[in-house]
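Chain and residue survey
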Amino acid sequence: MREAILTARRLAKTYVADGVQTHVLGSVDLELYDGDFTSVMGPSGSGKSTLLYCLSGMDALTSGEVVFEGVDIARLDEGRLSELRAQSFGFVFQAANLVSNLTLYENVAVPGYLKRGRSVAQTRRVVDGLIERMGLSEVASHLPSQASGGQKQRCAVARAVVNEPAIVFADEPTGALNRANSLEVLDLLSELNRDSISVLMVTHDVRSAIRGNRVLYFEDGGIRGELELAPWDPSFSRDEAYVREREAMASAWLASLSW
Ligand SMILES: Nc1ncnc2c1ncn2[C@@H]1O[C@H](COP(=O)(O)OP(=O)(O)OP(=O)(O)O)[C@@H](O)[C@H]1O
Ligand SMILES: [Mg+2]
């Protein structure tokens, strides 16, 4: 049995705007397993981002519970929730959303100083290591406006993991990138996952989804299907036969779900 790191039970989400109710998540039961790379696919508007926001404590549930380390995060007040997000979760979105008047280095370091139980010197070492690993050494002193789209998104990945989170939540992290930059960001996520960080990634792209060892199909506010794959092997990331084989499996599965 794999160990659950995050458990959602009867998770429901209804938005109310101008008196109109939109039921986005029905009653979702989901376990994320420790060390997994879980991908989520599904039609636009089906509720994938809402699911990610609710699981990660970025948005309030309407009902149900989300349990992380024995605590129902839906019941935490905003102070404890933001502490939990800062210490245990990392986030990557389609846009890098870097702070415009901080350098790339500072964009990674500033949230890094919030990590509990770590000295400034230790944090600097972690940041230095990440800047190097993300291929940002040459541009570390640049402002975001002086960086390319790929550099900015790699910086966002570094920022997401600077506090050594248990889970990285990624919502279409390559949605705004060209193919080469997408591959780099996916490789980084795959490597971080191999180094034991759990990943939940929403994506529209089959080639991205197959980075996961588990792919969920989300439709009409609920999980409609699930595909298990062998864990991605980063040493085969550029092996076209390896990628195609996984892609064919996922495509056949998606076709069976009328994707
Ligand atoms: N703040 C909000 N207020 C009202 N309705 C919302 C709000 N946010 C999202 N919705 C609605 O909830 C539904 C699900 O949205 P969500 O963003 O989760 O979909 P998605 O699956 O991520 O779509 P996409 O693939 O296009 O990103 C949509 O119908 C959307 O209009
Ligand atoms: Mg979305």
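Residues numbered from 1 in each chain as written. Chains lettered and ligands numbered in written order. Predicted model: local features only at pLDDT ≥ 70, side-chain atom pairs only at ≥ 80, totals over all residues. Heavy atoms only, no water.

1. Considering helix H4 (residues 120–133)
- With 14 residues, H4 should cover 20 Å at 1.5 Å per step; its first-to-last C-alpha distance of 20 Å lies within 8% of that length.
- All of the buried residues along H4 are Thr123, Val127, Leu130 and Ile131. When H4 is viewed along its axis, its buried side chains cluster within an angular range of 100 degrees and face the same direction. For H4, exposure combined with an orientation more than 90 degrees from the buried face picks out Arg125 and Glu132.
- Elements that come into contact with the buried residues of H4 comprise helix H3 (104–112) and helix H5 (149–161).
- Gly135 sits one or two residues past H4 and shows a positive phi near 70 degrees. (Helix = DSSP H or I, 4+ residues; strand = E, 2+ residues; numbered from the N terminus. Expected span 1.5 Å × (residues − 1). Buried < 20%, exposed > 50% of the residue type's maximum accessible area, 1.4 Å probe, protein only. Arc of directions from axis to C-beta. Contact = heavy atoms within 4.5 Å.)

2. What to know about the pattern of salt bridges
- What the rule picks out here adds up to 18 salt bridges.
- The salt bridge partner of Glu228 is Arg2, with a shortest N-O separation of 3.4 Å. Taken as a pair, Glu228 in strand S10 (residues 222–228) and Arg2 in the segment before strand S1 (4–17) lie far apart in primary sequence, 226 residues in all.
- Two residues, Glu226 and Arg214, come together in a salt bridge whose shortest N-O distance is 2.7 Å. A residue pair is termed long-range when its members are at least 10 positions apart, and Glu226 in strand S10 and Arg214 in strand S9 (residues 214–219) qualify at twelve residues.
- Given a relative accessible area of 37%, Glu226 falls into the partly exposed group.
- Judged by relative accessible area, Arg214 falls into the buried class, the value being 4%.
- When salt bridges with common partners are traced through the structure, they connect Arg133, Glu191, Arg194 and Asp195 into a single cluster. (Salt bridge = Lys/Arg side-chain N within 4 Å of Asp/Glu carboxyl O.)

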